[in-house]
Amino acid sequence: MKKVLVIIFICLSVFSIAQEKKFKVILDAGHGGKDPGAAKNGCIEKLIALDVVLRIGKILESYPDFNVKYTRSTDVFIPLRDRAKIANDFEADLFVSVHCNSSVSPKPYGAMTLVMGLSRAGMNFEIAKAENAVISLEDNFKEKYEGFDPNNPNTQIGLRIMQEETLMQSINFASTVQSYFKNSLQRKDLGMHQQPLWVLDATVMPGVLIELGFLSNVQESKYMKSEEGKSNYSQIIARSIIEYKNNVRGTNTPPNVLQIKEPVIVEELPVVETAVDTTKVVDAAPESLIPDELAYKVQISYSTKKLDLTPENFNGLANVTMIEVNGGYKYFYGQGTLESCKKFLAEAKQKGFASAFIVTPN
């Protein structure tokens, strides 16, 4: 009898260890239930997000080394607080939230990814407000979120800079997703941005919120709700998750062979306004004439310590600049056009800053 119990104990222990080694992913379909999210051109954000998330999960669940959990698998309303609790209780390795973007204008299109941060500049803050606004639909939201105001750009409660390593892992994953969106799906690359999103702040693991595209753009909305579009998006995101797991775990799980169907390329709509296109100004102007607010930069690190801007502190890189952000410090190498910053990025990585990335103009 004792031998039987010992064998059972050993088996349970082995099973437990095997389970612990699995890479845990939380898949979060944005909005749901009484919160439809964006609704434009016959598309509803909550339904598209759920469809894509379930497809991602189905791909990952075909691998024995993944453990997938959903914040919702049906059209129900899940408070942001509960989404974060589900992820934290699950002790997930990665949090992936899927959304669709929208604008008052039918012109914007393209995919972007958001990670936790305190930047509140321009259009991206409006996106952050839209994603956080679901809080007000919850019962007793003022008590639950302790004064967090999604409409106040100066709010500090509930927002903190995540630990450097977690943030950089989020950035790395977001960059992989954006690269696949651009190169495999031919989506317009709107980049990776740091924004004050409550659900990312409240989760303790690396996390990314993905905006698939703009439902307000007729062509892009058709693609997002099509079978081809949802299949392509899910495969790209699943592959990005697999690659991220391989990088952080040092494993070699082969991603499924992507069978991307012909992507729909959204064409630039004619511009009737006479406003200056600042992107073209940046790309065309001599670097010495580019204003700081229109220049691309390469962020090489973030630290709570203030360092002297000398080459010795940055593996030999000269001309490093710094900005202070709520008690922390962001360090940048180089400044100029997008093309010149690609060269700066390569130099930074060669000097050992593997997590460096290009920051778009404010």
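Up top is the structure.
A quick note: this is a predicted structure, and the numbers were derived from the prediction, not measured.

Structural notes on unusual backbone geometry
Here is step 1 of the chain: Positioned with a positive phi, His31 is a non-glycine residue whose angle comes to about 65°.
Here is step 2 of the chain: Locating His31 in the fold gives a position in the loop between strand S1 (23–29) and strand S2 (39–40).
Here is step 3 of the chain: Residue classification places His31 among the buried residues on the basis of a relative accessible area of 7%.
Here is step 4 of the chain: With phi around 55°, Glu91 is a residue other than glycine that occupies positive phi space.
Here is step 5 of the chain: Topologically, Glu91 is positioned in the loop between helix H3 (80–90) and strand S5 (94–101).

Some details on the pairing of S5
Successive side chains on a regular strand alternate, one facing one side of the sheet and the next facing the other.
Here is step 1 of the chain: The buried fraction of S5 is high, at eight of eight residues.
Here is step 2 of the chain: Going residue by residue along S5, you find Leu94, Val96, Val98 and Cys100 tucked away on one face and Phe95, Ser97, His99 and Asn101 tucked away on the opposite face as well.
Here is step 3 of the chain: Examined bridge by bridge, S1 and S5 share five bridges and lie parallel to one another. Considered in S5, the bridge of Leu27 is made with Val96.
Here is step 4 of the chain: For S5 and strand S8 (residues 207–214), the ladder comprises six bridges, and the chain directions are parallel. Looking across to S8, one finds that Val98 is bridged to Ile210.

Quick notes on the side chain of Lys46
Here is step 1 of the chain: Within the secondary structure layout, Lys46 lies in helix H2 (residues 45–60).
Here is step 2 of the chain: Judged by relative accessible area, which is 12%, Lys46 ranks as buried.
Here is step 3 of the chain: Side-chain polar atoms of Lys46 contact the backbone oxygen of Gly33, separated by 2.9 Å.
Here is step 4 of the chain: Other than its neighbours up to four places away in sequence, Lys46 contacts Gly30, His31, Gly32, Gly33, Asp35, Pro36, Arg72 and Asp75.

What counts as what
- Residues numbered from 1 in each chain as written.
- Predicted model: local features only at pLDDT ≥ 70, side-chain atom pairs only at ≥ 80, totals over all residues.
- Heavy atoms only, no water.
- Helix = DSSP H or I, 4+ residues; strand = E, 2+ residues; numbered from the N terminus.
- Buried < 20%, exposed > 50% of the residue type's maximum accessible area, 1.4 Å probe, protein only.
- Pairing = 2+ DSSP bridges.
- Polar contact = N/O pair within 3.5 Å; in protein donor to acceptor, adjacent residues only side chain to side chain.
- Contact = heavy atoms within 4.5 Å.

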